[in-house]
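# Results of the structural survey
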Amino acid sequence: MIRRGAGLAAFLVATPVLIGIAYSALASVGLLGPGSTGFSTASWASAFDDPQLLRGLGWSLWVASAATALATMAAVVVAALFRPGTRSSGVARLLAVMPLPLSHLAAGVLGVLVLGQSGLLARGAFMAGWIDQPAAMPALIYDQWGIGLIVVLAWKEFPFLALIAFSLLADRGRALEEAARTLGARGRAVFWAVTWPVLWRGLMPAVVAVFAFVAGTYEATVLLAPSDPLALPLLTMERYTDVGVAKRGEAHVLVLIGLVVGIGAVALHEAARARDRRAT
Amino acid sequence: MTSVPAMLRRGLLPLLLLSAAMPLAILGLASIGSDWFFPALLPGTFSLASWRNVVGTGALLGPALLASAALALATGLAAMVFGAFAGSAIAAATGWRRVIGAGAAFLPVAAPPVALATGLHATLLGAGLGSSIVGVFVAHVVPACGYTTLYFLGIFTVREGGHEDAARTLGAGRFDVLRRVTIPMMHRELLEALLLGAIVSWGQVALTLVAGGGSVRTLPLEVIDYLVAGQDQLAATGSLLLVIPPLAAFGLMRLALRNVELVLP
Amino acid sequence: MTVALRLDSMAVNFGSVAGLTDVTLAVARGERVVLLAPSGAGKTTLLRAIAGLEPVVNGSVVVGGRDVTNDPPESRGAVYLHQTPMLFPHLDVAANVAFPMRLRGIDRDDISRRVSELLASVQVSELAGRRPGALSGGQRHRVALARAIAANPQMLLLDEPLASLDPGLRQDVRQVLTRTHLDGTGMLIATHDLDDAVLLADRVAVLLGGRIAQVAPAEELFRAPATVAIAAFLGIPNRITGRVEDGAFCSSMGRLPVGGAVPHGPVVAVFAVDAVTVATGDEQAGVFGEVVELHRHLRHPSIIVQCGSVTLEALAPRPVPSRGATVGLVIDPSVIHFVPGTDDA
């Protein structure tokens, strides 16, 4: 549409974020914002003294890693099993991507309705005679390990990764698989020699993007995560909305940590893409 | 004899069906079911009470729905226009300009919404936009523009512009090319970008909470409040309202694409 | 002769490196000039620069008597036709052809009358209501040509119009191009194909090394290439280095008497395959050699003969001699072209 102005475009799209980062950086050392008292590293010190911070960060990274791994595995298995040409595979691929436009919040609500202690799963367990009251149901939401949140996030991210996996196999995989077959490879050998490398290399950037997104997501987390440890996005929000302005500085420290996680993951994402581009 | 992959396929198909059908089924039941307590698998009685909260007097979901829809539409439109220009400009750049452009577009996408919200908040307050729907719009537009810019960057990178060149030498100026060639040829991509931007706004919670200061009530905020208050029926109704428009748009898009593909080679 | 296009010492870069350094060329109204060049020589860049789609670094572009070097593409009066027809997929055939006229705000009735005329002239009248997607490759080319003419240009710039077409379609599109003669419009047709050049051109301009190396009618070009490099590009196989002294061409093959105006001193003798025949009984062979290879061309089979340090390609006699056979060759001195200098191609 236009052939000039890449610099202007970059400036416009990034400036709000850069201003935000600059503000948080200055506010975290007491140079800006309500209650600022001049340069001080107190917020940094207190944030890192607070065991909640490291626990929340670790917890968020754990949830993001587990959910991303689950979603990736599911996408690879489904894409490999329902390649074009196999019976009913078209229907299966459509079903797999159907939840794609669902919002994370709706996914969270479903998580509460299904996985909660009086949710549909618990009612099924009662019908089967495994439990006799809601309290006997193992806690899947608000739980220490974040099982419910992991399941919900994995389910929510699975269609996105599956969609990419489908197109990878349709574009590149098919010809390569056919080549492998004419060279004498069979079933499992084709999967490990062709299907898996194609999927893995092509999915890598999307997998990292999902990880970054999930680590910072607020919507499902606020509905399904426990209050201790408090996930990083929730902790940031809590500190930021704390009535005591002293906590604001800590909030900005947390903001910067969140940015490091998100942008760090995306930097990896870009590196992976560059590698992928070179390799093909 | 049945092979292992065939057995897996047979086992996975019902799971996929469940994953696709469950959201609407459960939210639908929960939204019209009252007295649905443990251990009942189905609601005891059915009522449309929660839907009166959408259209009735004193309804909370209706106004929130309107606010969300207006925000999503405005965000989608703004992000579509911005993304098309920014994406094409960055795609036309080469060398380090392009790397910086692409990196810049990634920033608002990579930044967690909570971080984005707190960072933007002071600026919005400074501009007198705190706790206003315009402020929330501005906050939503920031990540939405990141997504649409990346989307168009991908599209314009592979697009060669031969039709635009042809139009130019046939006598069309820049504006004529835009109006008569690029926009009609790309209406499908533009629509997809509009949808992308709208969806970013539609599901947003953290940015709305911080920029809106709690006084701008969108559908997701109402849903969270109802769920936290244990009002599952209202939460389910709100969620259903949240789920249906993107699902419908997604379906229509696929349908429209199929029709387009019948006409075009 | 009025000039449709004149390029004076025009220079255009390939990206950021120097590409076309010094292009000078004129095309008359109604004239068809073929721009012949090997792949990668910058044919596309040159056409795009004339159309205003690439910046001109130096020199000038004059279209229809007007200097357009710094004008935007839409006001140059030169239409660039991409190798693939680039019809607008959202418009039907008639609307595609009407496109340039709509831009100029021409009256609707006049437009539809002109569209019918143009579609008839390229023989696709029955396709007016179709979408480009429903057309065959040849039909798309016809419509693109009609659309270009509808812009009423001073110059048509066609970029490899026949490449990427299979043989049947090539023939079809060639016909359309040879039949399209526009009195007021010059045509510059880029190609790397020698046959196309011969078929389509009033004159052929050879683009080599970033400049126009020679402009001549096709027949003259093949008979008398200006440089050895041009001869090599044209695929003229017999190029023999030697000297002209005392009315004879002296080379490692011996002396060959030549007549007429021939440059003196070091020269390269250039001649086509059909200038060399195998001596039959009553002919006096000028040179003897060993058949080292047979070329099975569809129409003109030839043999490669090693004569000492010189390799010649000659028309194959019937029956075709076997490899290793010794043959005597006759070279027709009247069709030898002498290029001053030495063979550095």
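Everything numeric in this text was worked out from a predicted model, so none of it was measured. Within any chain, residue numbers begin from 1 and follow the written order of that chain's sequence. Whichever chain is written first becomes A and whichever ligand is written first becomes 1, with later ones labelled in order. Note on the predicted model: pLDDT of at least 70 is required for a residue's local features to be given, and 80 or more for side-chain atom pairs to be given and counted; whole-chain, interface and lining totals, by contrast, use all residues. Water and hydrogen atoms were dropped before computing side-chain values, which therefore reflect all heavy atoms in the structure.

### Some remarks on the overall build of chain A
The helix count covers DSSP runs of H or I at least four residues long, the strand count covers runs of E at least two residues long, and both are numbered beginning at the N terminus. Secondary structure summary: chain A contains 11 helices and 0 strands in total. Going from N to C terminus, chain A has its helices and strands arranged as α-α-α-α-α-α-α-α-α-α-α. Overall, the C-alpha framework of chain A stretches about 75 × 65 × 35 Å when taken along its three principal axes. Categorising residues by exposure relies on relative accessible area from a 1.4 Å probe, with only protein chains included: less than 20% of the type maximum marks a residue as buried, more than 50% marks it as exposed, and the intermediate range marks it as partly exposed. Looking at chain A as a whole, 51% of its 280 residues are labelled buried.

### Brief notes about the sheet that holds strand β12 (residues 248-251) of chain C
Residue and element names in this part refer to chain C. Reading across from one edge, β13-β12-β11-β14-β20 is the order of the 5 strands in this open sheet, with antiparallel pairing throughout. Because the sheet does not close on itself, it has two edges, and the strands there are β13 (254-257) and β20 (337-340). Here the average twist between neighbouring strands, direction ignored, is 40 degrees. Note on pairing: DSSP must find at least two bridges between two strands before they are called paired. Sheet analysis places strand β14 (residues 265-271) next to β20, joined by 4 bridges and oriented antiparallel. Looking across to β20, one finds that valine 270 is bridged to histidine 337. For helices, the fitted axis covers only the stretch in contact; all axes are lines through C-alpha atoms, and the angles between them, taken along N-to-C directions, range from 0 to 180 degrees.

### Comments concerning the interface of chain A and chain B
Counting residues at the interface gives 74 residues for chain A and 77 residues for chain B. Every case where a carboxyl oxygen of Asp or Glu lies within 4 Å of a side-chain nitrogen of Lys or Arg is listed as a salt bridge. Our enumeration of links across chain A and chain B arrives at 0 salt bridges. In terms of residue class, the side of chain A that touches chain B is made up of 53 nonpolar, 16 polar and 5 charged. Note on contacts: a residue pair qualifies if any of its non-hydrogen atoms lie within 4.5 Å across the two residues. When residue character is reported, Ala, Val, Leu, Ile, Met, Phe, Trp, Tyr, Cys and Pro are called nonpolar, Asp, Glu, Lys and Arg charged, and the others, Gly included, polar.

### Some remarks on empty space enclosed by the protein
Here a cavity denotes a set of grid points, spaced 1 Å apart and computed over the protein atoms alone, in which a 1.4 Å probe fits but from which it cannot get out, and a pocket denotes an open set meeting protein on both sides within 12 Å along at least five of seven lines; residues with an atom within 4 Å of a point are reported as lining. Grid points are joined across faces, edges and corners, and a volume is the space filled by probe spheres set on the points. Tallied over the entire structure, the rule returns 7 cavities of 30 Å³ or more. Put simply, the largest cavity is a space of about 180 Å³. Residue lining of the largest cavity: 20 residues in total, with Leu81, His82, His141, Ala144 and Leu145 of chain C positioned closest to the centre. At 6 residues, the largest contribution of residues to the lining of the largest cavity is made by helix α4 (residues 137-150) of chain C. Taken together, the residues that form the lining of the largest cavity break down as 15 nonpolar, 2 polar and 3 charged. One number sums up the size of the second largest cavity: a volume of about 130 Å³. Looking at the second largest cavity, it is lined by 17 residues, and the ones nearest its centre are Ala215, Gly216, Leu232 and Gly258 of chain A together with Pro112 of chain B. Listing elements by their share of the lining of the second largest cavity, those giving two or more residues are α3 (51-81), α8 (187-216), α10 (232-240) and α11 (246-279) of chain A together with α5 (113-126) of chain B. Element by element, the count of residues in the lining of the second largest cavity is highest for α11 of chain A, at 5 residues.

### Notes on unusual backbone geometry
Residue proline 229 of chain A is reached from aspartate 228 of chain A by a cis peptide bond, and omega for that bond is 0 degrees. Checked against the element boundaries, proline 229 of chain A lands in the loop between α9 (219-224) and α10. With an omega of -5 degrees, the peptide bond running from arginine 318 of chain C to proline 319 of chain C counts as cis. Positionally, proline 319 of chain C belongs in the loop between β18 (310-315) and β19 (326-331).

### Side note on a nonpolar patch on the surface
All names here are of chain A. Patches here are clusters of residues that have more than 30% relative accessible area and form no salt bridge, with a 9 Å joining cutoff for like charges and a 5 Å cutoff for nonpolar side chains (Val, Leu, Ile, Met, Phe, Trp, Tyr). Residue-level accessible areas treat just the shown protein chains as cover; the underlying method is Shrake-Rupley with a 1.4 Å probe. Taken together, the side chains of Leu26, Leu31, Leu32 and Phe39 define a hydrophobic patch exposed on the protein surface, amounting to about 370 Å² of accessible area. Assignment of secondary structure puts leucine 26 in helix α1 (residues 6-28). Note on leucine 26: relative accessible area 36%, which makes it partly exposed.

### A closer look at the pattern of salt bridges
Scanning all chains against the criterion turns up 25 salt bridges over all chains. Here aspartate 228 of chain A ties to arginine 55 of chain A by a salt bridge, and the two come within 3.0 Å at their closest N and O atoms. With a gap of 173 residues between them, aspartate 228 of chain A in the loop between α9 and α10 and arginine 55 of chain A in helix α3 connect regions that are remote in the sequence. By relative accessible area, arginine 55 of chain A is classed as partly exposed at 40%. With a closest N to O distance of 2.9 Å, aspartate 165 of chain B and arginine 48 of chain C form a salt bridge. Of this pair, aspartate 165 of chain B sits in helix α7 (residues 162-169) while arginine 48 of chain C sits in helix α1 (residues 43-51), each in a different chain. Taken individually, aspartate 165 of chain B and arginine 48 of chain C each receive the classification buried, so the pair is uniform in this respect. One salt-bridge network, held together by shared partners, links Asp50, Glu238, Arg239 and Glu250 of chain A.

### Observations regarding the packing of α3 of chain A against α10 of chain A
Residues and elements named next belong to chain A. Between α3 and α10, whose axes approach to 8 Å, the crossing angle comes to 140 degrees. Listed contacts from α10 to Gln52, Leu53, Gly56, Leu57 and Ser60 of α3 are Leu232, Pro233, Leu235 and Arg239. Looking at the contact of α3 with α10 residue by residue, the class counts come to 5 nonpolar, 3 polar and 1 charged.

### Examining the interface of chain C and chain B
Across the contact, 23 residues belong to chain C and 20 residues belong to chain B. Buried area counts how much accessible surface, traced with a 1.4 Å probe, disappears from two parts once they are put together, with both parts' losses summed. Overall, the association of chain C and chain B removes approximately 1900 Å² of surface from exposure, summing both partners, and the carbon and sulfur fraction of that is 69%. By the criterion of area lost to chain B, the three top residues of chain C are Glu74, His90 and Leu103 of chain C, representing 28% of everything that side buries. At the junction of chain C with chain B, the criterion picks out 2 salt bridges. Taking the shortest distance from any N to any O, the salt bridge between glutamate 74 of chain C and arginine 168 of chain B comes out at 2.7 Å. Polar contact is defined as a pair of N or O atoms within 3.5 Å, subject to the rule that within protein one atom must be able to donate a hydrogen and the other to accept it, and that residues adjacent in sequence are counted only when both atoms are side-chain atoms. In this assembly, chain C and chain B are joined by 5 residue pairs in polar contact (both at pLDDT 80 or more). For the side of chain C that touches chain B, the elements supplying multiple residues, two or more each, are α1, β6 (78-81), α2 (93-103) and α4 of chain C. Split into classes, the residues belonging to the side of chain C that touches chain B amount to 16 nonpolar, 2 polar and 5 charged.

### Quick notes on the environment of leucine 196 of chain B
All names here are of chain B. Looking at where leucine 196 falls in the secondary structure, it is placed in helix α9 (residues 187-202). Taking the C-alpha atoms as reference, leucine 196 lies 8.4 Å from methionine 80; in sequence the two are 116 residues apart. If we skip the residues at most four places from it in the chain, leucine 196 touches Tyr147, Thr148 and Tyr151.

### So, the arrangement of the chains
Counting contacts across all 2 pairs of chains that touch, the top pair turns out to be chains A and B. Chain A shows no contact with chain C. Their nearest C-alpha atoms sit 12 Å apart.

### Points about the nonpolar core
What makes a nonpolar core is a set of buried Ala, Val, Leu, Ile, Met, Phe, Trp, Tyr and Cys residues whose side-chain atoms join them at distances within 4.5 Å. By size, the foremost hydrophobic cluster in this structure holds 161 residues, and its most contacted members are Val78, Leu149, Phe158 and Leu161 of chain A together with Leu16 and Leu27 of chain B. The biggest single contributor to this core is helix α7 (residues 147-182) of chain A, with 14 residues. Every residue in contact with leucine 16 of chain B, bar those within four places of it in the chain, is listed here: Val78, Phe82, Ala92, Leu95, Ala96 and Phe158 of chain A. The next biggest cluster of nonpolar side chains, apart from the first, holds 64 residues, and it includes Leu156, Val173, Ala197 and Val339 of chain C.

### Overview of the confidence of the model for chain B
All names here are of chain B. Values of pLDDT, ranging from 0 to 100, describe the predictor's confidence in every residue of the model. Put simply, chain B has an average pLDDT of 88, and 95% of its residues get 70 or more. Confidence drops under a pLDDT of 50 for residues 259-265, and excluding neighbours within four residues, the segment shows 5 contacts in the predicted structure. Prediction confidence for the complex, expressed as pTM and ipTM, is 0.83 and 0.87 respectively.

### Quick look at the sheet that holds strand β15 (residues 276-278) of chain C
Residues and elements named next belong to chain C. The strand order across the open sheet formed by 5 strands is β15-β19-β16-β17-β18, and the pairing between neighbours is antiparallel. With partners counted over all chains shown, the strands left at the sheet margins are β15 and β18, one partner each. On average, each strand axis in the sheet is inclined to that of its neighbour by 45 degrees, with strand direction left out of account. Sheet topology places strand β16 (residues 287-295) next to β19; 4 bridges connect them, and they run antiparallel. Looking at the pairing, glutamate 290 lines up with threonine 326 of β19.

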